[in-house]
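# Topology and contacts: notes
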Amino acid sequence: MNDAEVQYAVEVVNLSKHFDDVAAVDQVDLKINKGEIFALLGGSGCGKTTLLRMLAGFEKPSLGDIKINGVSVLNSPPYQRPVNMMFQSYALFPHMTVEQNIAFGLKQDKLPAAQIVARVTEVLGLVQMEKFRSRKPAQLSGGQQQRVALARSLAKKPALLLLDEPMGALDKKLRMQMQLELANIIESVGVTCVMVTHDQEEAMTMADRIAIMDQGRIMQVGQPREIYEFPNSKLTAEFIGSINLFKAVVTGGELTCAELPGQVVAGEANAVFEGPCYVALRPEKIRLDAARNLDATNCAAGKVNDIAYLGSHNVIHVRLDAGAGQGKIVQVHVSNFARHATQTFDFEQPVVLSWDRDAVVLIKADQP
């Protein structure tokens, strides 16, 4: 079977890993496209790192199979897999120069000297580190060390690149800069990449698709926008971004939300089902008005409970006035479009919340 006939770069089939009686990874099925940056996202202990280590060959699965370019690698040791892994610590050899670090794996493969020099020069140019080829890791910044680690990972032209918390060692400002830079480099090479992160912003910035993991299972897979706008469970909704959840029920196709006064109408794009559910509203999709008459649909009254100024926007917590949700705190994001705002809010100020029907997402309550 040649590469053109292989549909997926990576196939994970019914994969499980047990440590004693605990399932760290539990019956996971995944298909990852060629050239895709795929993120495994979840909290500590969700199984994402164990899954990555099984792809690399550092952990042996208890059950299931792993295929890379259509070929099972289940019984292949790490050094025989077409895989390279970039660790959070970068794992650069401190006594070697940048050039020597990158060349190390190529020398282990006994490539001709001229080919090694050419490949090292090529990847140094790719990560824009040509000027630093004679320096040692201690003479580089965190971002520069990360570029070297990436160059070393790409030097052997792996079929699969694995990234373990790639930005974990960087400060916030550098991390944001490197997210786009790293993604652009990976995409320009065309290598398939699986990355592990607990940082939702990092996953949404870098990845083509994201898998949300919890307790060893895949909860949802989709593009960043799909997962953010249409979460399929309470867990996913709360893990990605901020969200307001209100208990509701669908009976005979009619939505009733006791925690919000008045009628709540959902958009046509929302799933239709019967029984208990949640009305989910993202904070940036809620409008906040200082003075406005209450309509009968998709609105609620309250008082400003707390205000946080974050530069680009304000986070305003509103305490609801009426209904079964009286006293419930709703989070609203108000963008700072102008330096001198025409409408400001103060503590305990009466306000009205309103939102469009398409802003409403319904989530079944029997899901996590």
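Higher on the page you've got the structure.
Here the structure is a predicted model, which is why all the values come from computation and not from measurement.

## Focus on the packing of aromatic side chains
Across all of its chains, the model carries 1 aromatic pair by this definition. Each ring, one from Phe-93 and one from Phe-104, has its centre 4.8 Å from the other, and the planes form 55 degrees; the classification is tilted. Placement of the pair is Phe-93 in the loop between strand E6 (83-86) and helix H2 (98-108) and Phe-104 in helix H2, with a sequence separation of 11 residues. With a relative accessible area of 26%, Phe-93 lands in the partly exposed category. You can call Phe-104 partly exposed: its relative accessible area is 31%.

## Digging into the layout of surface pockets
What the largest pocket holds in volume is close to 640 Å³. Every residue lining the largest pocket is counted, 22 residues in all, and those nearest its centre are Val-83, Asn-84, Met-85, Gly-105 and Lys-156. Elements with a minimum of two residues in the lining of the largest pocket: E6, H2 and helix H4 (142-155). Of the residues belonging to the lining of the largest pocket, the class tally is 13 nonpolar, 4 polar and 5 charged.

## Concerning H2
Within H2, burial applies to Val-98, Asn-101, Ile-102, Ala-103, Gly-105 and Leu-106. Against helix H3 (113-126) and H4 lie the buried residues of H2. Lys-110 occupies a position one or two residues after H2 and carries a positive phi of about 60 degrees.

## Observations concerning the pairing of strand E8 (residues 192-197)
Strand residues, when the strand is regular, have side chains that alternate between the two faces of the sheet. E8 sits mainly inside the fold: 6 of its 6 residues count as buried. Across 5 bridges, strand E3 (residues 37-41) lies against E8 in parallel orientation. Directly across from Phe-38, in E8, lies its bridge partner Val-194. Where strand E7 (residues 160-164) lies against E8, 5 bridges are found, and the strand directions are parallel. Considered in E8, the bridge of Asp-164 is made with Val-196.

## Notes on the sheet that holds strand E17 (residues 329-335)
Read across the open sheet, the 5 strands follow the order E14-E18-E15-E16-E17; overall the sheet is antiparallel. What marks the edges here is a single partner per strand, and that holds for strand E14 (287-289) and E17. If you compare each strand with its neighbour and ignore which way they point, the axes differ by 45 degrees on average. Sheet analysis places strand E15 (residues 299-309) next to strand E16 (residues 313-320), joined by 7 bridges and oriented antiparallel.

## Overview of the environment of Met-176
Counting through the fold element by element, Met-176 comes out in helix H5 (residues 172-189). Relative accessible area serves as the criterion here: at 42%, Met-176 is assigned to the partly exposed category. Met-176 sits 162 residues away from Asn-14 along the chain, and the two C-alpha atoms are 35 Å apart.

## Details of the sheet that holds strand E5 (residues 71-72)
An order of E2-E1-E4-E5 is seen for the 4 strands of this open sheet, with the pairing classed as antiparallel. Each end of this open sheet is capped by a strand with a single partner; those strands are strand E2 (22-33) and E5. Direction of pairing for strand E1 (residues 8-19) relative to E2: antiparallel, over a ladder of 8 bridges. Note on E2: the bridge partner recorded for Tyr-8 is Asn-33. Against the sheet, helix H1 (residues 48-56) contacts E1, E2 and strand E4 (63-68), and its axis sits at roughly 120 degrees relative to E1.

## Some thoughts on the environment of Val-279
Position of Val-279 relative to the elements: it lies in strand E13 (residues 275-281). Val-279 sits in the buried class, given a relative accessible area of 0%. When the C-alpha positions of Val-279 and Ala-365 are compared, they lie 9.8 Å apart, and in sequence the two are 86 residues distant. Not counting the four nearest positions on each side in its chain, Val-279 is found in contact with Asn-244, Leu-245, Phe-246, Ala-248, Leu-255, Cys-257, Val-264, Val-360, Val-361 and Leu-362.

Rules used throughout
Residues numbered from 1 in each chain as written. Predicted model: local features only at pLDDT ≥ 70, side-chain atom pairs only at ≥ 80, totals over all residues. Heavy atoms only, no water. Phe/Tyr/Trp six-rings, centres within 6.5 Å; stacked < 30°, edge-to-face > 60°. Helix = DSSP H or I, 4+ residues; strand = E, 2+ residues; numbered from the N terminus. Buried < 20%, exposed > 50% of the residue type's maximum accessible area, 1.4 Å probe, protein only. 1 Å grid on protein atoms, 1.4 Å probe; cavity = no way out; pocket = protein on both sides within 12 Å on 5 of 7 lines; lining within 4 Å. Points joined across faces, edges and corners; volume = space filled by probe spheres on them. Nonpolar A, V, L, I, M, F, W, Y, C, P; charged D, E, K, R; others polar. Contact = heavy atoms within 4.5 Å. Pairing = 2+ DSSP bridges. Axes fitted to C-alpha atoms, helices over the stretch in contact; angles between N-to-C directions.

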